[in-house]
Amino acid sequence: MSGTAGVVADDRSVDVPVPRTRIAGTVYRGREGMWSWVLHRITGVAIFFFLLVHVMDTALVRLSPEAYDAVIGTYKTPLMGLGEAGLVGAIVFHAYNGLRIIAVDFSRWAVRHQRLLFWVVLGLWAVTMAGFLPRHLMVVFSELGE
Amino acid sequence: MTTQTIEAPRSARAARRTTNWEKWGWIYMRVSGVLLVVLVFGHLFVNLIAGDGVHQVDFAFVAGKWASPFWQVWDTLMLWLALIHGGNGMRTIINDYVYQPTIRRILLGSLLVSVAVLILLGTLVAWTFDPCPTGGNPEFLPSICSAAA
């Protein structure tokens, strides 16, 4: 089988296409699979630290309405609005790429097409963000004068 | 006559007796991940896209949502699933990059404490929350409160 390499060395092995520019000895490193892994880690860490802050700021509702609104009020700036857009971008990528990982774990077809699936993830991400960004940025920048 | 006793292999059976935590962690990441896609996308849609977008978020907005057990359950599920999912992911990353045993133990310990404290804090807040606190400034209260301005 030229141009392919077995991923698992038993009866469950799957033949996968080997990218032309791969680094010797891997089917994964340096190409779509690696970038999927890198981006999954970076977005995951970013979302985790946001989550820590988000639980704490929401906990302020238990303190007093004034305290909550004062802190949330400092978020209602264009800079934080852009940060929220970045956060949603990270969440949407992590979500779609996570579903891709599950597909690769459970389906032979997805193992063979893991590189194509990375581009599908990016495509769906772009479509989702194209739906979200205009709406969100309109909200963020429309109330600037208030 | 010499005999030789060949003992039955034990390692595989011994391994089977204990819980394979890494396997359950692996399964947890996938199951919680799928549920979180639904819960988080729903959360983002209701808070950032529906209504007036992110600028609608204030005390009255949160109080209006948590007046309904539906959103209390939704947010509590999201809290537990997301913090354990994120905590387990951070554990993987710490184990991957921190070689110094002492530093690794400190980081893993702080991670465990942060996740546990935030799960407890978030759950208490969502379930002991009073949308109409006595003596609350009427300007900040949701319209469902009799004291609301």
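Residues numbered from 1 in each chain as written. Chains lettered and ligands numbered in written order. Predicted model: local features only at pLDDT ≥ 70, side-chain atom pairs only at ≥ 80, totals over all residues. Heavy atoms only, no water.

A. Summary view of the overall build of chain B. For chain B, the count of helices and strands is five helices and zero strands. Beginning at the N terminus, the succession of helices and strands in chain B can be written as α-α-α-α-α. Counting all 149 residues of chain B, 38% fall into the buried class. In chain B, 61% of the contacts between residues at least 6 apart in sequence involve partners at least 24 apart. (Helix = DSSP H or I, 4+ residues; strand = E, 2+ residues; numbered from the N terminus. Buried < 20%, exposed > 50% of the residue type's maximum accessible area, 1.4 Å probe, protein only. Contact = heavy atoms within 4.5 Å.)

B. View of the interface of chain B and chain A. Contacts between chain B and chain A engage 44 residues on the former and 38 residues on the latter. For the chain B and chain A pair, buried surface summed over both sides reaches about 3400 Å², with 75% attributable to carbon and sulfur atoms. On the chain B side of the interface with chain A, the three residues burying the most area are Phe-41, His-55 and Phe-59 of chain B, jointly 18% of the side's total. At the boundary of chain B with chain A, the tally comes to two salt bridges. (Buried area = accessible area lost by both parts, 1.4 Å probe. Salt bridge = Lys/Arg side-chain N within 4 Å of Asp/Glu carboxyl O.)

C. Structural context of helix H5 (residues 114-142) of chain A. With 29 residues, H5 of chain A extends 41 Å between its outermost C-alpha atoms, agreeing within 8% with the 42 Å of an ideal straight helix rising 1.5 Å per residue. Taken as a whole, H5 of chain A carries its principal kink of about 30° at Phe-132 of chain A; the proline Pro-134 of chain A stands between one and four residues after it. (Expected span 1.5 Å × (residues − 1). Bend = angle between axes of the 7 residues up to and from the residue.)

D. Summary view of the confidence of the model for chain B. Overall, the prediction assigns chain B a mean pLDDT of 86, with 86% of residues at 70 or greater. Listed scores for the predicted complex are pTM 0.83 and ipTM 0.84. (pLDDT = per-residue confidence, 0-100.)

E. How the structure looks around the confidence of the model for chain A. On average, residues of chain A score 84 in pLDDT, and 80% of them are at 70 or above. Low confidence marks residues 1-6 of chain A, where pLDDT is under 50. Its contacts with residues over four positions away, or in another chain, come to 14 contacts.

F. Focus on a nonpolar patch on the surface. Residues and elements named next belong to chain A. A cluster of nonpolar residues, Trp-109, Leu-116, Val-120 and Leu-124, forms a patch on the protein surface that exposes about 370 Å² of accessible area. Looking at the nonpolar patch, the element that brings in the most residues is H5, giving three residues. Take Leu-124: it is sitting in helix H5. Accessibility expressed as a relative area gives 45% for Leu-124, which makes it partly exposed. (Patch = residues over 30% accessible without salt bridge, like charges linked within 9 Å, V, L, I, M, F, W, Y side chains within 5 Å. Areas by Shrake-Rupley, 256 points an atom, 1.4 Å probe, with all protein chains shown as cover.)

G. Examining the nonpolar core more closely. Counting 53 residues, the largest nonpolar core has Val-61, Tyr-68 and Val-88 of chain A together with Phe-59, Trp-66 and Leu-83 of chain B as its most contacted members. Broken down by secondary-structure element, the contributors of at least two residues to this core are helix H1 (32-59), helix H2 (65-75), helix H3 (78-106) and H5 of chain A together with helix H2 (21-49), helix H3 (59-66), helix H4 (69-97) and helix H5 (101-128) of chain B. The element that contributes the greatest number of residues to this core is H4 of chain B, accounting for nine residues. Ignoring sequence-local partners within four residues, the contact set of Phe-59 of chain B consists of Val-61, Pro-65, Tyr-68 and Asp-69 of chain A together with Phe-129, Asp-130, Pro-131, Pro-133, Phe-140, Leu-141 and Pro-142 of chain B. (Core = buried A, V, L, I, M, F, W, Y, C linked by side-chain atoms within 4.5 Å.)

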